[in-house]
Every structure is written in C-alpha cells, then in structure tokens.
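Architecture at a glance
Chain by chain, the residues run as shown.
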Amino acid sequence: MDFSLTEEQLMIQDMAKKFADTELAPIAASLDEGKNHDKFLVNLNQLAELGFMGMNVKGEYGGVEAGTVAFSLVITELAKACASTAVTTSVTNMVAEVIQAVGTEEQKETHLTKICTGEYKAGGFCLTEPSAGSDPAGMKTTAVKDGDEYVLNGSKIYITSGTFAGVFVVWAVTDPSAPKGKGISCFLVEANTPGLNIGKLEDKMGQKASHTTEVHFEDCRIPASNLMGQENKGFAIAVGELAGGRIGVGSLALGIGMAAMDYAREFITERKQFGQPLANFQGLQWMLADRYTELEAARLLLMQAACDKDAGKNFSKGASMAKLFASEKANQACYDALQMLGGAGYIKEYPVERMARDVRITSIYEGTSEVQRIIISRELLREIA
C-alpha cells in the first residue's frame, strides 16, 4: 500500500502552506480580536483564485478537480494558520459539492462559477434549526409551492458565513404529512433575496472571523427552478454531503492540533527550568510522543476516508471515524500544548490559547462526537445484519 502523495497533491499542499504562512498567520490573532475582517474577505477571494473554493468541482464550472485528498491537505494547512479561514473554505467547498451533485445544468453554470471565481465570497449551508440540530430531520422551516414559486418561512441557526455568503443551500419541509425526514426538499437561495434576513452575529468562543449567524425566511419567494433534486427527496442530499463535510472538519481539527503541538515542541526546547530545557523532562517527552502519535493516526484515518470518497466507495463510516478521532485528539493536543507552556499558555500573547478555543467546536459541528459514535456503531451492526 502506497501512502505517498502524488506530485500534484504535494504541489497543492505546498501552495496552501505558503499562502497560510504569508497571508493567514500574520493576521490570525487580530482576526480573533475582531479586527482585519476586510483582509479576511480579501484572503477568501485569493483562495478562490488559487482554486481552493472548488477543489472537487469540474473544470467546466471553474473548479480544479483536485480530489478529496487534496482538499483535506489544503484545509489542514489553512487551519494551522487560521481556523476561521479554514472552516469558511471547507463549508464553501461543501456547498459547491451539493450544487454539483444535484443541481441542474443551469444552476451549476450559474452558481458554481461564482463560487469558484470568488464572485461569491462563500457559500452557506442552511440545515440546523433551533429545534433541529443533531436531529435535522425534525426541521420546521417550510417551503410551500405557489404557482411557479416556492414561499419559504422559518429560521436556521449557526450558519457559517451568513453575513457574506453569496448563495445558500437551504433545506425545508415541502410535505408536512410525510413521515419524518421524507418530505424535505433542497433549494438554492441567493443572498439579498427579499424575505431572506440575516440575524444576529453570534459571539463565539473561537473561530471568530468566521461569521456565524441566524438566517430567517419570512415569506421568502424563490423561483420553482431553484429546487435542487427531486421535491421531498432532499434529506438524503444533506446526509450524504455531511459525510464529506466531516472529512473537512477532521482535517481542520488536525491542522489546529498540529500547530499547537509544533508550537509547544519549540517552546519546551527553549524554556528552561531547574537549570535545563523543559524538553529534557520525561513527562513532557511522553506528552509529545502520545499526541503526535494520535495526530498521525488521525491523518491516516482522514486520508483513508478521502481516498475512499475519491474512489467512489462508501466512505460514511470512515469519515465519521476520522472526524471523531481527529477532533477528539486535536482537542487533547491543544490542551496539552497549553499545559506544556505553563502560565504562558494561558496568555493571549501566545497562540496556543487561541488554538485551544478554536479547536473546541470541531467535536461539535458537522455532527457531535456522540452522533459520530451513533453513525459508526450503526454501520458496524449493519455490516453483519
């Protein structure tokens, strides 16, 4: 089994690393403080120019067709420098993949091109609701057919890039009488559509430059042609795309965890206590060994899931395993890195404090760790049924 990356994948990884080092890392701390958001948006445009907003989109729509492995590598490198930029990039790629998978030719030509060129700064994935988070099939947002239009009413919460997304993929109930999860449809709603209102900007623990908002639909009329896929068959679309999104979140977690441990490793070689470098103490050496081993295992799980997706195999269980393990171990890596810095780890002057806050959400969004365990165990039992 060959675990080596192709020449193209290595080139893409290197391109992402250079961009992260030169453009993202210098402003990550100020973004965390609510500054430099204009530069954040400029960086998103530059990422589009590099092809990073359409990693799995066909060339005819402006994408680069680089594959899921390359996508995972890019998200990891971006996350090492700025988690907010990485999550925005990941979600935008997920939106693009939804449109490519089930959109009409007209929808793909219109919206994928705008995502890939950066005309849309980002894409929004509107699934979660106040009463439908881990159980999205319980959503209440409705879409009622009225002639050649649909009228949307309801609210979504925790929507990434809500304030600046150019287009939203929205799920809504179109047949209230259908069994739970069976009467849901998927729509495209462009920003600035009358009746689409962006709600409050959430004040989050971390990943602060990634604007997370409520999105409200109040008699929001959209053309019937904005339906994606078949009416009442949209929930399966969401389930399928969330699996791919978990590779993105796992890769993001891996990047943050690696950055934290790399910083801590450098720190303990320079900081001295009891007349010698902290790196000489076995307790810290074992922390390094354990965390780096776990992060390497997470990387391999992510690569396996990404390879399976690229090969057209069933990757749902693998993506959940990778996301669960990567996010949990990255959280531990960041907290151990903070511990290794001692009091300095708790000070904002050092980046590990920010990384510990940024990484926390990775074991929650795109399905909590508990939900991943449900998915994994269900797949394991189905295999022997």
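Residues numbered from 1 in each chain as written. Predicted model: local features only at pLDDT ≥ 70, side-chain atom pairs only at ≥ 80, totals over all residues. Heavy atoms only, no water.

Turning to the overall build of the protein chain, a few remarks are in order. Each helix and strand counted, the protein chain has 11 helices and 10 strands in total. At 21 Å, the protein chain has a C-alpha radius of gyration in line with the 21 Å of a compact globule built from 385 residues. Taking the principal axes of the C-alpha coordinates as reference, the protein chain spans close to 80 × 50 × 40 Å. Of all 385 residues assigned to the protein chain, the portion counted as buried reaches 56%. Taking all contacts inside the protein chain whose residues are at least 6 apart in sequence as the whole, residues at least 24 apart take part in 73%. (Helix = DSSP H or I, 4+ residues; strand = E, 2+ residues; numbered from the N terminus. Rg over C-alpha atoms; globule rule 2.2 N^0.38 Å. Buried < 20%, exposed > 50% of the residue type's maximum accessible area, 1.4 Å probe, protein only. Contact = heavy atoms within 4.5 Å.)

Here the focus is the pattern of salt bridges. According to the stated counting rule, one finds 21 salt bridges in the structure shown. In this structure, K317 and E383 form a salt bridge, with 2.6 Å as the shortest nitrogen-oxygen distance. Of the two residues, K317 sits in helix α9 (residues 316-341) while E383 sits in helix α11 (residues 369-384), which places them 66 residues apart along the sequence. With a relative accessible area of 22%, K317 lands in the partly exposed category. Residue classification places E383 among the exposed positions, given a relative accessible area of 52%. For R357, the salt bridge identified is with E353, shortest N-O distance 2.6 Å. In this pair, R357 and E353 are both assigned in helix α10 (residues 352-360), four residues apart and thus about one turn of the helix distant. Per residue, the accessibility class of R357 equals that of E353, and both read buried. (Salt bridge = Lys/Arg side-chain N within 4 Å of Asp/Glu carboxyl O.)

The feature "domain: Acyl-CoA dehydrogenase/oxidase N-terminal" (unreviewed entry), as annotated in UniProt, sits at residues 6-119 in this numbering. Split by type, residues 6-119 is 73% helix and 0% strand. Its first and last C-alpha atoms lie 30 Å apart. (UniProt positions renumbered as here; feature names shortened; annotations may be inferred.)

Here the focus is the pairing of strand β7 (residues 212-223). As defined by bridge partners, strand β3 (residues 149-160) adjoins β7 across nine bridges and the pair is classed as antiparallel. Residue pairing for β7: E149 is matched across the bridge by P223. Across four bridges, the pairing between strand β6 (residues 196-201) and β7 is antiparallel. Counted as the bridge partner of L201 is T213 from β7. (Pairing = 2+ DSSP bridges.)

Relative to the helices and strands, K309 is located in helix α8 (residues 282-310). For K309 and I247, which are 62 residues apart along the polypeptide, the C-alpha to C-alpha distance reads 9.7 Å. The residues touching K309, leaving out its near neighbours within four places in the chain, are N56, T68, E97, G244, I247 and F315. A distance of 2.7 Å separates a polar atom in the side chain of K309 from a polar atom in the side chain of E97. (Polar contact = N/O pair within 3.5 Å; in protein donor to acceptor, adjacent residues only side chain to side chain.)

What follows covers the layout of surface pockets. Computed from the structure, the largest pocket encloses a volume of approximately 1400 Å³. Lining the largest pocket we find 49 residues, and of these T128, L242, Y365, E366 and G367 sit closest to its centre. Looking at the lining of the largest pocket, the elements with two or more residues in it are α5 (83-102), β3, α7 (235-270), α10 and α11. Residue contributions to the lining of the largest pocket peak at seven residues, all from α7. A class-by-class count of the residues in the lining of the largest pocket yields 23 nonpolar, 14 polar and 12 charged. (1 Å grid on protein atoms, 1.4 Å probe; cavity = no way out; pocket = protein on both sides within 12 Å on 5 of 7 lines; lining within 4 Å. Points joined across faces, edges and corners; volume = space filled by probe spheres on them. Nonpolar A, V, L, I, M, F, W, Y, C, P; charged D, E, K, R; others polar.)

So, on to the UniProt feature "domain: Acyl-CoA oxidase/dehydrogenase middle" (unreviewed entry) in the protein chain. Here the UniProt feature "domain: Acyl-CoA oxidase/dehydrogenase middle" (unreviewed entry) sits at residues 125-220. Overall, residues 125-220 shows 0% helix and 50% strand. The separation of its end C-alpha atoms is 17 Å.

Below, the discussion takes up the side chain of T362. Tracing the sequence through the fold places T362 in the loop between α10 and α11. Of the polar contacts made by the side chain of T362, one reaches the backbone oxygen of V359; its length is 2.7 Å. Not counting the four nearest positions on each side in its chain, T362 is found in contact with Q207, V249, L252, A253, K323, S327 and N331.

What follows is about the nonpolar core. Counting 95 residues, the largest nonpolar core has F125, V169, W171 and L252 as the members making the most contacts within it. Sorting elements by how many residues they give to this core places α7 first, with 16 residues. Apart from the residues lying within four places of it in its own chain, the contact partners of W171 are F125, C126, L127, M139, T141, K156, I184, S185, C186, G234, I237 and A238. Of all hydrophobic cores here, the second largest spans 17 residues; its members include A143, Y150, L152 and F168. (Core = buried A, V, L, I, M, F, W, Y, C linked by side-chain atoms within 4.5 Å.)

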